[in-house]
Amino acid sequence: MPDYLNEAARWMRQSVQDLDDADFLRSGERFNLACFMGQQAAEKALKAYLFHRKVEDVWGHSLVDLCEDAKLFDMMFDIIKSEARQLDKYFEITRYPGYLPGGISSEAFDKLDADRSIDLSNQVVNFVKERIA
């Protein structure tokens, strides 16, 4: 039988590290990557919650979908779905120029975008931490 609690703890540790990396990238003015790492931190926190609840098949990158999965255990995940929805926007556009007509990702984001992503991600990560503790 898998060690779900250990797996949840691993995912949460990486989530916290991703948030720290997002802050580091923001300070280095790598705003597109800071936005992406904010999304990643929230995704890993949500997956940590699902592992904590002993979900065997945790997959996907959509934070909205992960919140829907988490709602099966705690309806309060509906509360952070709007934050998750905003973070989902940073998954591909922050890395692939094909999503930006005529531009590239590293030129399309600024400090305000990075601040917003990190703030939203902090909300999601802290929300999950309260439920895992």
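Remember, it's a predicted structure, so these values are computed and weren't measured experimentally.

### Overview of the overall build of the chain
Piece 1. Secondary structure assignment for the chain yields 6 helices and 0 strands.
Piece 2. Helices and strands in the chain line up, N terminus first, as α-α-α-α-α-α.
Piece 3. Relative to a compact globule of 133 residues, whose C-alpha radius of gyration would be 14 Å, the chain shows 15 Å and is just as compact.
Piece 4. Split into buried and exposed, the 133 residues of the chain put 44% on the buried side.
Piece 5. Considering only residue pairs separated by 6 or more positions, the chain has 63% of its internal contacts joining residues 24 or more positions apart.
Piece 6. Seen as two clouds, the 17 positive and the 24 negative side-chain charges of the chain have centres 2 Å apart.

### Looking at the state of the cysteines
Piece 1. Per the stated rule, a full pass over the model turns up 0 disulfides.
Piece 2. With no disulfide of its own, Cys-67 lies closest to Cys-35 among cysteine sulfurs, the gap being 19 Å.
Piece 3. Residue Cys-67 is classed as buried on the basis of its relative accessible area of 0%.

### Comments concerning helix 3 (residues 63–71)
Piece 1. Three or more residues of helix 3 are buried, namely Leu-63, Val-64, Leu-66, Cys-67, Ala-70 and Lys-71. Buried residues of helix 3 fall within an arc of 160 degrees about the axis and therefore sit on the same side.
Piece 2. Among the structural elements, helix 2 (31–52) and helix 4 (81–88) are those in contact with the buried residues of helix 3.

### Quick notes on the packing of helix 2 against helix 3
Piece 1. Two elements in contact, helix 2 and helix 3, have axes separated by 10 Å at closest approach and are oriented at 20 degrees. Classed by the angle they form, the pair helix 2 and helix 3 counts as roughly parallel. The interaxial crossing formed by helix 2 with helix 3 has left-handed handedness. Between helix 2 and helix 3, the contacting residues are Gln-39, Ala-42, Glu-43, Leu-46, Lys-47, Tyr-49 and Leu-50 on the first element and Leu-63, Leu-66, Cys-67, Asp-69 and Ala-70 on the second.
Piece 2. Partitioned by chemical class, the residues of the contact of helix 2 with helix 3 number 8 nonpolar, 1 polar and 3 charged.

### Side note on the environment of Ile-80
Piece 1. Of note, Ile-80 is situated in the loop between helix 3 and helix 4.
Piece 2. A relative accessible area of 5% means that Ile-80 is categorised as buried.
Piece 3. Distance in space between the C-alpha atoms of Ile-80 and Cys-67 is 7.8 Å, their sequence separation being 13 residues.
Piece 4. Residues contacting Ile-80, with those up to four places away along its chain left out, are Leu-46, Cys-67, Val-124 and Phe-127.

### A few points about the side chain of Asp-18
Piece 1. With respect to the helices and strands, Asp-18 occurs in helix 1 (residues 4–27).
Piece 2. Sequence-distant contacts of Asp-18, defined by excluding residues within four places in its chain, comprise Met-37, Gln-40, Ala-41 and Lys-44.

### Quick word on helix 6 (residues 111–132)
Piece 1. End to end, helix 6 covers 31 Å across 22 residues, agreeing with the expected 32 Å (1.5 Å per residue, within 8%).
Piece 2. The set of residues buried in helix 6 consists of Ala-114, Ser-117, Ile-118, Leu-120, Ser-121, Val-124, Val-125, Phe-127 and Val-128.
Piece 3. Of the surrounding secondary structure, the elements contacted by the buried residues of helix 6 are helix 1, helix 2 and helix 4.
Piece 4. Between the side-chain oxygen of the N-cap and the backbone nitrogen of Leu-112 there are 3.2 Å, and the N-cap of helix 6 in question is Asp-110.

Rules behind the numbers
Residues numbered from 1 in each chain as written. Predicted model: local features only at pLDDT ≥ 70, side-chain atom pairs only at ≥ 80, totals over all residues. Heavy atoms only, no water. Helix = DSSP H or I, 4+ residues; strand = E, 2+ residues; numbered from the N terminus. Rg over C-alpha atoms; globule rule 2.2 N^0.38 Å. Buried < 20%, exposed > 50% of the residue type's maximum accessible area, 1.4 Å probe, protein only. Contact = heavy atoms within 4.5 Å. Lys, Arg positive; Asp, Glu negative; His and termini not counted. Charge placed at Lys NZ, Arg CZ, Asp CG, Glu CD. Disulfide = S-S within 2.5 Å. Arc of directions from axis to C-beta. Axes fitted to C-alpha atoms, helices over the stretch in contact; angles between N-to-C directions. Parallel < 35°, antiparallel > 145°, perpendicular 65-115°, else oblique. Left-handed = near helix turned anticlockwise from the far one by under 90°. Nonpolar A, V, L, I, M, F, W, Y, C, P; charged D, E, K, R; others polar. Expected span 1.5 Å × (residues − 1). Polar contact = N/O pair within 3.5 Å; in protein donor to acceptor, adjacent residues only side chain to side chain.

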